[in-house]
Amino acid sequence: MSQGSPKIVPVILAGGSGTRLWPASRDAFPKQFQPLTGDLSTYQETLRRVAAPELFDDPVVITSDAFRFFARRQAADVGIKATVVLEPARRDSAAAVAAAAAYVEKTRPGSAVLALAADHVVLDDDVFRDAVRLGLTAAEAGKIVVFGLVPTEPKTAYGYIRPGAALDDNDDLCLVDAFVEKPNAETALDYLRQGYLWNSGNFLFKASKMLAEFAKYAPDIGAVASEAVDKASEDIGFVRLDPEAFSAARKTSIDYAVIEKTTEIAVVKGRFRWSDVGAWDAIWQVSEHDGEGNAIHGDGVILASRDCLVHSQGILTTVVGAEGLLVVATPDAVMVAPREQAQAVKGLVDALKDGGRNEATLHRRDYRPWGYIEALVGGARFAVKHIVVDPGGVLSLQRHQHRAEHWVVVNGTATIEIEGEEPRLLTINQSAYVPLGAKHRLSNRGKIPLELIEVQSGAYLGEDDIERLEDIYRRD
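### Here's the deal with the nonpolar core
Alright, step 1. Core analysis: the biggest nonpolar cluster contains 68 residues, and I8, Y43, L114, V132, L204 and L442 have the highest contact counts within it.
Alright, step 2. The greatest single-element share of this core, amounting to six residues, is contributed by helix 4 (residues 125–140).
Alright, step 3. Counting 47 residues, the second largest nonpolar core, distinct from the first, contains A95, M210, V224 and V267.

Next comes the structure, spelled out in structure tokens:
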């Protein structure tokens, strides 16, 4: 980084869904916010990777309205202060990158931007930062820099880059001769022999340069993205892009819109271990293995088996006498597949959606701005749920027309308001009854999470029976 130049602004793209990692990843709680390979989510790991103040400024996160509280809460949990920018509609990566470039140039003019996918795994953070430093020399000279990875095998699931002439006499920094699509197995092997690189889809560029390239190659996207930034509004600490302008953007990837067209493109040969963890076989590859090639995340046991993955979220999951199996268990769904069929999980999810199965998109644990609700058991006229309210969390003032509720506190202290009663505190083992139709609100003014069991009873128990009267989170 040249003396006196602004720090690099990391931009984390965190709006995807990741259906190939079902049942852990679902539309309502996608893979970037899941702890797939350790205690932290890939989004949190990405944020920590750019938490180097000598090189990086505070990050900007681009995500959707549905994930805004995930993004802010998970950043805070790892001690990162991030600006969260909300996309009002899904328009793929081109519009997201254009809006990010416009936002950074408006708020931190002259800065370079490091655009990173929130759902990738990098296992060598120091080596990664060295690659960023190398790429910055080209970015400051007016190049858009893509990070390529030296392949370890002939992958057919990745696009490839053919590197050209070296820049600054450094073979790890080159011009890009060509981008090529995902090859078949024979072509991929030939690419390895010729020194091609995997295309990571992560980029480094001056914000002003990216905006100029949008003006040249995709002016329709660049113009409306910049307008969406200019008309953006603040919403309880989030930056909300103008919905009318942003929704007018053409839906396409940054690769098709700009990267594969520009002549101002260079590649860094990244030597860090990397995966886009696009499917469960990739999770197996980046995991620690036992002597038989097995990997376990969560509560699992594998016996007399080879090259298997067990990924369990809360229930004991066992495998005996198998080879090359993927076994993924959540509280409400189990997926078993041979590793070579990992990409077929997307088709499974499509079939579940066609069949009207809620498990295709929703988890039993439903995250809210204040904490979460987890369904435990239910019947025709009752439902039992576990509710956790974070310190400082406040549920909306609401009422129900078709159900009554009973609350039993099992941890922490609840502040409750029920129509017709004085506000009061509930502590462990105390309970309250909320009559049908009564206005009520629950909050946690303590310093530890509040946990309670809620029993709902009534003729209709759907979530659309919530009538919000006041809500500090401004939900509809």
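### Some thoughts on empty space enclosed by the protein
It is a probe the size of a water molecule, rolled over the atoms, that shows where empty space is left.
Alright, step 1. What the rule picks out here adds up to two cavities of 30 Å³ or more.
Alright, step 2. The calculated volume of the largest cavity comes to roughly 170 Å³.
Alright, step 3. Together, 19 residues line the largest cavity, and I373, L395, Q398, E454 and I466 are the ones closest to its centre.
Alright, step 4. Within the residue set of the lining of the largest cavity, elements represented by two or more residues are strand 22 (382–389), strand 24 (403–411) and strand 29 (450–458).
Alright, step 5. For the lining of the largest cavity, the element with the highest residue contribution is strand 24, accounting for three residues.
Alright, step 6. Estimates place the volume of the second largest cavity at around 90 Å³.
Alright, step 7. Lining the second largest cavity we find T46, R49, L116, A117, H120, V122, F128, N202, F272 and W274.
Alright, step 8. Of all elements in the fold, only helix 1 (42–49) and strand 4 (112–117) reach the threshold of two or more residues within the lining of the second largest cavity.
Alright, step 9. In terms of residue class, the lining of the second largest cavity is made up of six nonpolar, three polar and one charged.

### Side note on unusual backbone geometry
Alright, step 1. The omega angle of the peptide bond from W22 to P23 is 10 degrees, so this bond is cis rather than trans.
Alright, step 2. Mapped onto the elements of the fold, P23 is located in the loop between strand 1 (9–13) and helix 1.
Alright, step 3. At N429, a residue that is not glycine, the phi angle is positive and equals roughly 75 degrees.
Alright, step 4. Looking at where N429 falls in the secondary structure, it is placed in the loop between strand 26 (424–426) and strand 27 (431–434).
Alright, step 5. Judged by relative accessible area, which is 68%, N429 ranks as exposed.
Alright, step 6. Despite not being glycine, R474 has its phi angle at roughly 60 degrees, a positive value.
Alright, step 7. One can find R474 in the segment after strand 30 (467–470).
Alright, step 8. For R474, a relative accessible area of 52% translates into the label exposed.

### A short note on the packing of helix 3 (residues 92–107) against helix 6 (residues 207–217)
Alright, step 1. Put simply, helix 3 and helix 6 touch, their axes get as near as 8 Å, and they point 135 degrees apart. As summarised for this structure, helix 3 and helix 6 are arranged oblique, according to the angle between their axes. The chirality of how helix 3 crosses helix 6 is left-handed. On helix 6, the residues that touch A94, V97, A98, A101, A102, V104 and E105 of helix 3 are A207, S208, M210, L211 and F214.
Alright, step 2. Of the residues in the contact of helix 3 with helix 6, the class split is ten nonpolar, one polar and one charged.

### Section: the sheet that holds strand 21 (residues 371–378)
Note on sheets: strands pair through backbone hydrogen bonds, and any given pair is parallel or antiparallel.
Alright, step 1. In spatial order, the strands read 20-21-22-29-24-27; together these six strands make up an open sheet with antiparallel pairing. Looking at the sheet topology across the chains shown, the edges are occupied by strand 20 (365–368) and strand 27. Sheet twist, expressed as the average angle between the axes of neighbouring strands with direction ignored, equals 20 degrees.
Alright, step 2. Bridge analysis of strand 24 against strand 29 gives eight bridges, and the strand direction is antiparallel. Pairing of A404 across the sheet is with S457, part of strand 29.

### Let's talk about the packing of aromatic side chains
Any pair of aromatic rings gets described here by the distance separating the centres and the angle formed by the planes.
Alright, step 1. Within this structure, the stated rule accounts for 17 aromatic pairs.
Alright, step 2. Both rings, one in F128 and one in F272, keep their centres 5.4 Å apart while their planes meet at 80 degrees; by these two values the pair is edge-to-face. Of the two residues, F128 sits in helix 4 while F272 sits in the loop between strand 12 (265–270) and strand 13 (274–275), which places them 144 residues apart along the sequence.
Alright, step 3. Residue classification places F128 among the buried residues on the basis of a relative accessible area of 4%.
Alright, step 4. Each member of the aromatic cluster is reached from another via a ring pair, and the members are F29, F33, Y43, F67, F70, Y367 and Y372.
Alright, step 5. One Lys or Arg, R339, reaches over the ring of W284 and ends 3.7 Å from the middle of that ring.
Alright, step 6. Geometry around Y372 places R365 over its ring, the cationic atom sitting 4.0 Å from the centre.

### Looking at the layout of surface pockets
Alright, step 1. Its boundaries defined by the atoms lining it, the second largest pocket holds a volume of some 1,200 Å³.
Alright, step 2. Around the second largest pocket sit 40 residues that line it, and L362, H363, D366, R368 and E463 are the ones nearest its centre.
Alright, step 3. Elements supplying a minimum of two residues to the lining of the second largest pocket: helix 2 (68–77), strand 20, strand 21 and strand 22.
Alright, step 4. Ranked by residues supplied to the lining of the second largest pocket, first place goes to strand 21 with six residues.
Alright, step 5. Tallied by class, residues from the lining of the second largest pocket come to 18 nonpolar, five polar and 17 charged.

### A short note on the pairing of strand 21
Alright, step 1. As defined by bridge partners, strand 20 adjoins strand 21 across four bridges and the pair is classed as antiparallel. The residue of strand 21 that forms the bridge with Y367 is Y372.
Alright, step 2. The pairing of strand 21 with strand 22 spans seven bridges and is antiparallel. Looking at strand 22, one finds that V377 is bridged to V384.
Alright, step 3. Between strand 21 and strand 22, which pair antiparallel in sequence order, lie three residues.

Definitions and cut-offs
- Residues numbered from 1 in each chain as written.
- Predicted model: local features only at pLDDT ≥ 70, side-chain atom pairs only at ≥ 80, totals over all residues.
- Heavy atoms only, no water.
- Core = buried A, V, L, I, M, F, W, Y, C linked by side-chain atoms within 4.5 Å.
- Buried < 20%, exposed > 50% of the residue type's maximum accessible area, 1.4 Å probe, protein only.
- Helix = DSSP H or I, 4+ residues; strand = E, 2+ residues; numbered from the N terminus.
- 1 Å grid on protein atoms, 1.4 Å probe; cavity = no way out; pocket = protein on both sides within 12 Å on 5 of 7 lines; lining within 4 Å.
- Points joined across faces, edges and corners; volume = space filled by probe spheres on them.
- Nonpolar A, V, L, I, M, F, W, Y, C, P; charged D, E, K, R; others polar.
- Axes fitted to C-alpha atoms, helices over the stretch in contact; angles between N-to-C directions.
- Parallel < 35°, antiparallel > 145°, perpendicular 65-115°, else oblique.
- Left-handed = near helix turned anticlockwise from the far one by under 90°.
- Contact = heavy atoms within 4.5 Å.
- Pairing = 2+ DSSP bridges.
- Phe/Tyr/Trp six-rings, centres within 6.5 Å; stacked < 30°, edge-to-face > 60°.
- Lys NZ or Arg CZ within 6 Å of the ring centre and 35° of its normal.

Any functional reading would require information that these geometric values do not contain.
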